[in-house]
Amino acid sequence: MTKANAWWLKNQPVETANRYLAMCIAASPWVEVFDYLTTTPVLLSDPATLPTGAAVDIDFRPGSSMYAVAHANSPYVSFYSISGTTITKLADPATLPTDDCSGVRFSPDGNWCLTAGPSAGLDLNLYDMSSGAPVWARGLSKGSTTGAIAWGPDSAVFCHDAAGQQIFYDPTDFSVIDTVSAGGSSRSMDWDPLSNLILQMRTLSGRPVGVIDWNAGVPTVLADPVADNGGSTGISVRFDPSGTGICITTQPDVGADPKPYTFVYDCSSGVPVAATTQLSPQTQPSSATGACIRDKGDKIAITSPSATHAFLMVFQAFVSEAGTPTPSAGGNDGSAWGGSGGTMDP
């Protein structure tokens, strides 16, 4: 076990299941939050101040009910907190991103929040969260930047995609640790706290999944998975935050029936392989944009631009689950579980 894995395991919070599910949708109010205090989700009232444009990514600060939204139009990133059933927008940081954001991620320790997106100014903006409020720490202009961000489990390194390369940075000074190219630009990335594998969902048609191994503290590009979800390009990837090594990926229509809009990989061996259990054709959404797994590994939520908009599944069994959220519009890529105090099914 690496030091990063040991740090992550030691610092896992002891809490009940995530209480809130936040989903980016393709129409105002741009984000909707569902309360899973019980097994029946309740749509929370919108905050008084909404994101100022289309929301494409969202993330909760670990161990809290604060979340950040990457969206179009200034301020480009907005921070919110939830108390019970009330959502409140927090004050904007003094220094904002200079253009639309397409990605946002908190570090696993909750001390940093990173935004990313193509910009004529700063593509990357890092906010110090140690005071509980976002304080701009540093920014960087790279060019040809995507919103793909993946944090290492010890929060001491993050990976970001620019110009088709995956660049590893030290967040304390934005110094480059290493650079690799796993093939194509990344639309989404996630870092598995168990195996230290980074999976990227690529814009490379026919090869949606790329794999980078960080186990030796040096990035190594591995072969594409044998089962790569059937073609097309990738949209999103999210690992189980409870550390099983399981992740779920999504992609657009590949033109086959049944359409594999979602695909599950097991990375616990250090190599991504098709998980034994997949979402059945009968429970596949008719299209999928994003997916996220609840902190205690019991539920998975899938967003879709289809008429149903969202799907809720039992994690690892991958069958339909009662309590599916009902967003008012189709889903964009971003969705996230957060907060604590949610119900756990027996």
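Please refer to the structure placed before this passage.
Chains are numbered independently. Their residues run from 1 in the order of the written sequence. Note on the predicted model: pLDDT of at least 70 is required for a residue's local features to be given, and 80 or more for side-chain atom pairs to be given and counted; whole-chain, interface and lining totals, by contrast, use all residues. Derived side-chain values reflect all non-hydrogen atoms in the structure, with water molecules and hydrogen atoms excluded from consideration.

Undergrad: Help me understand the pairing of strand β2 (residues 31-35) in this model?
TA: Two faces make up the sheet, and in a regular strand the side chains alternate between them. Relative accessibility thresholds used throughout: buried, under 20% of the residue-type maximum; exposed, over 50%; partly exposed, between the two (1.4 Å probe, protein chains only). Put simply, DSSP H or I for four residues or longer makes a helix, DSSP E for two residues or longer makes a strand, and each gets a number counted from the N terminus. The buried fraction of β2 is high, at 5 of 5 residues. Of the two faces of β2, the one holding Val31, Val33 and Asp35 and the one holding Glu32 and Phe34 are both buried throughout. In the sheet, β2 pairs with strand β3 (residues 42-43) via 2 bridges, with the strands oriented antiparallel. Within β3, the position partnered with Asp35 by the bridge is Val42. Note: two strands are recorded as paired if DSSP finds a minimum of 2 bridges between them.

Undergrad: Help me out: how do you make sense of the layout of surface pockets in this one?
TA: A water-sized probe, rolled over the atoms, reveals where empty space remains. Any residue with an atom within 4 Å of a point lines the site, the site being either a cavity, points on a 1 Å grid over the protein atoms alone where a 1.4 Å probe fits but cannot get out, or a pocket, an open set with protein on both sides within 12 Å along at least 5 of 7 lines. Grid points are joined across faces, edges and corners, and a volume is the space filled by probe spheres set on the points. Each pocket or cavity is described by its volume, and for the second largest pocket that value is around 320 Å³. Lining the second largest pocket are 24 residues; nearest its centre among them are Val56, Asp57, Ser102, Arg187 and Asp333. Per-element accounting of the lining of the second largest pocket gives the leading share, 5 residues, to strand β27 (residues 331-338). Gly is placed with the polar residues, together with every amino acid not listed as nonpolar (Ala, Val, Leu, Ile, Met, Phe, Trp, Tyr, Cys and Pro) or charged (Asp, Glu, Lys and Arg). Classifying every residue of the lining of the second largest pocket by side-chain character gives 7 nonpolar, 12 polar and 5 charged.

Undergrad: Help me understand the environment of Trp136, please; the structure alone is not making it clear to me.
TA: Considering the arrangement of structural elements, one finds Trp136 in strand β11 (residues 135-140). In this structure Trp136 comes out as partly exposed when scored by relative accessible area, which is 30%. Remark: the alpha-carbon pair of Trp136 and Leu96, spanning 40 residues in sequence, is separated by 7.8 Å. Whether two residues are in contact is decided by their heavy atoms: any pair within 4.5 Å suffices. Not counting the four nearest positions on each side in its chain, Trp136 is found in contact with Thr95, Leu122, Asn125, Leu126 and Tyr127. In protein, a polar contact requires one atom able to donate a hydrogen and another able to accept it; more generally it is a pair of N or O atoms within 3.5 Å, and residues adjacent in sequence count only if both atoms are side-chain atoms. At 2.9 Å, the side chain of Trp136 forms a polar contact with the side chain of Asn125.

Undergrad: What exactly am I supposed to notice about the sheet that holds strand β16 (residues 186-191) here?
TA: Hydrogen bonds along the backbone pair up the strands of a sheet, which may run parallel or antiparallel. Taken in spatial order, the 4 strands of this open sheet run β16-β17-β18-β19, and their pairing is antiparallel. In the strand order of this sheet, the two ends are held by β16 and β19 (220-222), each with one partner. Strand-to-strand twist in this sheet, taken as the mean axis angle between neighbours without regard to direction, amounts to 25°. Here strand β18 (residues 209-213) runs beside β19; their pairing, made up of 3 bridges, is antiparallel. Paired with Ile212 across the bridge in β19 is Val221. Fitting a line to C-alpha atoms yields each axis, with helices limited to the stretch in contact; the angle taken between N-to-C directions then spans 0 to 180 degrees.

Undergrad: Explain the sheet that holds strand β1 (residues 20-25) here, please?
TA: In spatial order, the strands read β3-β2-β1-β27; together these 4 strands make up an open sheet with antiparallel pairing. Edge positions in the sheet fall to β3 and β27, since each of these pairs with one other strand and no more.

Undergrad: I'm lost on empty space enclosed by the protein in this one. Help?
TA: One pass over the structure, following the stated rule, counts 2 cavities of 30 Å³ or more. Of the pockets and cavities examined, the largest cavity occupies roughly 70 Å³. Forming the boundary of the largest cavity are Pro29, Val31, Glu32, Val33, Leu44, Asp46, Pro47, Pro51, Tyr67, Tyr80 and Ile87. Top element by residues in the lining of the largest cavity is β2. It accounts for 3 residues. Across the lining of the largest cavity, the residue classes break down as 9 nonpolar, no polar and 2 charged. Within this model, the second largest cavity holds a volume of roughly 40 Å³. For the second largest cavity, the lining is made up of 12 residues, of which Asp99, Asp100, Cys101, Gly117 and Leu122 are closest to its centre. Class assignment for the residues of the lining of the second largest cavity results in 4 nonpolar, 5 polar and 3 charged.

Undergrad: Explain the pairing of strand β8 (residues 103-106) here, please?
TA: Going residue by residue along β8, you find Gly103 and Arg105 tucked away on one face and Val104 and Phe106 tucked away on the opposite face as well. Direction of pairing for β8 relative to strand β9 (residues 112-116): antiparallel, over a ladder of 4 bridges. Within the sheet, the bridge partner assigned to Val104 lies in β9 and is Thr115. Linking β8 to β9, which pair antiparallel, is a turn of 5 residues; within it Gly110 sits at a positive phi near 80°.

Undergrad: It is not clear to me how the side chain of His71 should be interpreted in this structure. Could you clarify?
TA: Tracing the sequence through the fold places His71 in strand β5 (residues 66-71). What makes His71 buried here is its relative accessible area of 0%. Within the structure, His71 has its side chain in polar contact with the side chain of Ser78 (distance 2.8 Å). Apart from the residues lying within four places of it in its own chain, the contact partners of His71 are Pro51, Thr52, Gly53, Ala54, Ala55, Tyr76, Val77, Ser78, Asp100 and Cys101.

Undergrad: Looking at this model, I keep getting lost on the environment of Ile248. Mind explaining?
TA: Mapping Ile248 onto the fold places it in strand β21 (residues 246-250). Here Ile248 falls in the buried class, since its relative accessible area comes to 1%. C-alpha of Ile248 to C-alpha of Leu279: the two residues are 31 residues apart in sequence and 9.8 Å apart in space. Residues contacting Ile248, with those up to four places away along its chain left out, are Ser236, Val237, Arg238, Thr262, Phe263, Val264, Leu279, Ala291, Ile293, Ile300 and Ile302.

Undergrad: Looking at this structure, how should I read unusual backbone geometry?
TA: When glycine is set aside, most residues are seen to have a negative phi, and most peptide bonds are trans. With an omega dihedral of 20°, the bond running from Ser28 to Pro29 counts as a cis peptide bond. With omega at 15°, the peptide bond leading from Ser74 into Pro75 counts as cis. Among the secondary structure elements, Pro75 is positioned in the loop between β5 and β6 (77-83). Its identity as a non-glycine residue notwithstanding, Ser155 has a phi of 65°, on the positive side. Assignment of secondary structure puts Ser155 in the loop between β12 (145-151) and β13 (158-162). Here Ser155 falls in the buried class, since its relative accessible area comes to 4%. A positive phi angle is found at Asn196, which is not glycine, with a value near 65°.

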